[in-house]
Amino acid sequence: MKFIKATENDIPLIQELARRSWENAYAEILSDGQMEYMLNTMYSQEEIAGHLQNPDYHYFLIKDENNDSYEGFIGYENNYEEKTTKLHRIYLVPESKGKGVGKKALMFLNDKVAEYGDKRIILNVNKYNSARNFYESQGYKVYDEGVFDIGNGFFMDDFLMEHVLKS
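Throughout this description, residue numbers start from 1 for each chain and increase along the sequence as written. A pLDDT threshold of at least 70 governs which residues receive local features in this predicted model, and a stricter bar of 80 or more applies before side-chain atom pairs are shown or counted, although totals over entire chains, interfaces and linings include all residues. Excluding hydrogens and water, the side-chain values take into account all heavy atoms of the structure.

A few words now on helix α4 (residues 101-116). Between its terminal C-alpha atoms α4 stretches 23 Å, which fits the 22 Å expected from 16 residues at 1.5 Å a residue. In this analysis, two residues are considered to be in contact whenever any of their non-hydrogen atoms come within 4.5 Å of each other. By definition, any uninterrupted DSSP run of H or I lasting at least four residues is a helix, any uninterrupted run of E lasting at least two residues is a strand, and each is numbered from the N terminus. In this structure, the buried residues of α4 make contact with β1 (2-5), β2 (57-64), β3 (69-81), β4 (84-92), β5 (120-126) and α5 (131-137). Once α4 finishes, G117 follows within two positions and takes phi at roughly 105 degrees, a positive value. A helix is expected to span 1.5 Å for every residue after the first.

Counting buried positions along β2 gives 8 out of 8 residues, so the element sits mostly inside the fold. By the alternation rule, side chains of β2 split into Y57, Y59, L61 and K63 and H58, F60, I62 and D64, which are all buried. Where β1 and β2 come together, 4 bridges link them in antiparallel fashion. What sits directly across from F3, in β2, is I62. Any two strands with at least two DSSP-identified bridges between them are counted as paired. The antiparallel hairpin formed by β2 and β3 contains 4 residues in its connecting segment, where D68 sits at a positive phi of about 50 degrees. Relative accessible area decides the class of each residue, using a 1.4 Å probe on protein chains only: under 20% of the type maximum gives buried, over 50% gives exposed, and in between gives partly exposed.

Taken together, the buried positions of helix α2 (residues 32-42) are occupied by Q34, M35, M38 and L39. Buried positions in α2, seen along its axis, are confined to an arc of 125 degrees and lie on one side of it. The arc in question is formed by the directions pointing from the helix axis toward the C-beta atoms.

Attention now moves to unusual backbone geometry. Even without being a glycine, N79 presents a positive backbone phi close to 60 degrees. With relative accessibility at 43%, the residue N79 sits in the partly exposed group. At N152, a position not held by glycine, the phi torsion is positive, near 60 degrees.

With respect to the helices and strands, the residue D158 is situated in strand β7 (residues 154-164). Counting rule for charge: Lys and Arg are taken as positive, Asp and Glu as negative, and neither His nor the chain ends is counted. Salt bridges, as used here, are contacts in which a Lys or Arg side-chain nitrogen is within 4 Å of a carboxyl oxygen on Asp or Glu. No salt bridge forms around the buried D158; measuring N to O, its nearest opposite-charge neighbour K86 is 7.1 Å away. Reaching out from D158, the side chain makes a polar contact with the side chain of N124 at a distance of 3.5 Å. With residues up to four places along the chain from it excluded, the contact list for D158 reads N124, V125, N126, K127, E145, G146 and F148. Two N or O atoms count as a polar contact when they lie within 3.5 Å, although within protein this holds only if one can serve as hydrogen donor and the other as acceptor, and sequence-adjacent residues are included solely when both atoms are side-chain atoms.

Quick look at the packing of aromatic side chains now. Centres within 6.5 Å make a pair out of two Phe, Tyr or Trp rings, where for Trp the six-membered ring is used; the pair is then stacked when the planes are under 30 degrees apart, edge-to-face when over 60, and tilted otherwise. Under the criterion given, the structure shown has 14 aromatic pairs. Seen in terms of ring centroids, Y43 and F73 are 6.1 Å apart; in terms of plane orientation they differ by 75 degrees. Their pairing is edge-to-face. Of this pair, Y43 sits in the loop between α2 and α3 (45-53) while F73 sits in strand β3, and the two are 30 residues apart along the sequence. Exposure class is identical for Y43 and F73. Each is buried. Within the aromatic cluster, the residues linked to one another by ring pairs are W22, Y26, Y43, Y57, Y59, F73 and Y91. Charges are assigned to positions over rings by a cutoff of 6 Å between ring centre and Lys NZ or Arg CZ, combined with an angular limit of 35 degrees from the ring normal. Stacked on the ring of Y43, the Lys or Arg R89 has its end atom at 4.2 Å from the ring centre. Directly above the ring of Y143 sits R120, whose terminal nitrogen or CZ lies 5.1 Å from the centroid.

Counting buried residues in β4 gives 8 out of 9 residues, a clear majority hidden from the surface. Two strands pair when backbone bridges link them, and β3 and β4 are joined in this way by 7 bridges, in the antiparallel orientation. Counterpart to G72 in the pairing with β4 is L92. Relative to β5, β4 runs parallel, the two sharing 3 bridges. Considered in β5, the bridge of T84 is made with R120.

Strand order in the open sheet formed by 7 strands is β1-β2-β3-β4-β5-β7-β6, and the pairing between neighbours is mixed. Two strands close off the open sheet at either side, each with one partner strand: β1 and β6 (141-151). When strand polarity is set aside, the average angle formed by the axes of neighbouring strands in this sheet is 30 degrees. Taken strand by strand, α3 contacts β2 and β4, and its axis lies near 105 degrees from that of β2. Note on method: axes are straight lines fitted to C-alpha atoms, helices fitted across the in-contact stretch only, with angles between N-to-C directions ranging 0 to 180 degrees.

Listed below in structure tokens is the structure:
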């Protein structure tokens, strides 16, 4: 498994991986309209390019070197809050499920966060997304919940989770 720092040239690949992941992960959770709206706004060329220009925001592509295939990507922002990194995005294509890719991605994130000097990782997960169980199995805990207006009459109903790194 290889983690490759993404550049603006990788935006179309990030968009494709997001769509493949979302169509699988959110098919039973979000309406088609909300899914399209979110993909078109959160994964627009301009949105991702803006992230890539922020020195605290990082995207890494996850590549399976054995199959020469991209399994997904991770996007996180250091210093989101004091001593806290926010995991904004971790999405894997359906074919990668059960191969330990998610666990390796979180271990990679832990290492990067520790290198940076942050002590805590936070994320939002949809209340109806089974990914919550995965995060809990990796040491994350729910610390709050929230409903967030994302525009166009759509809302995200999320658990807020955190993982405190061992010193």
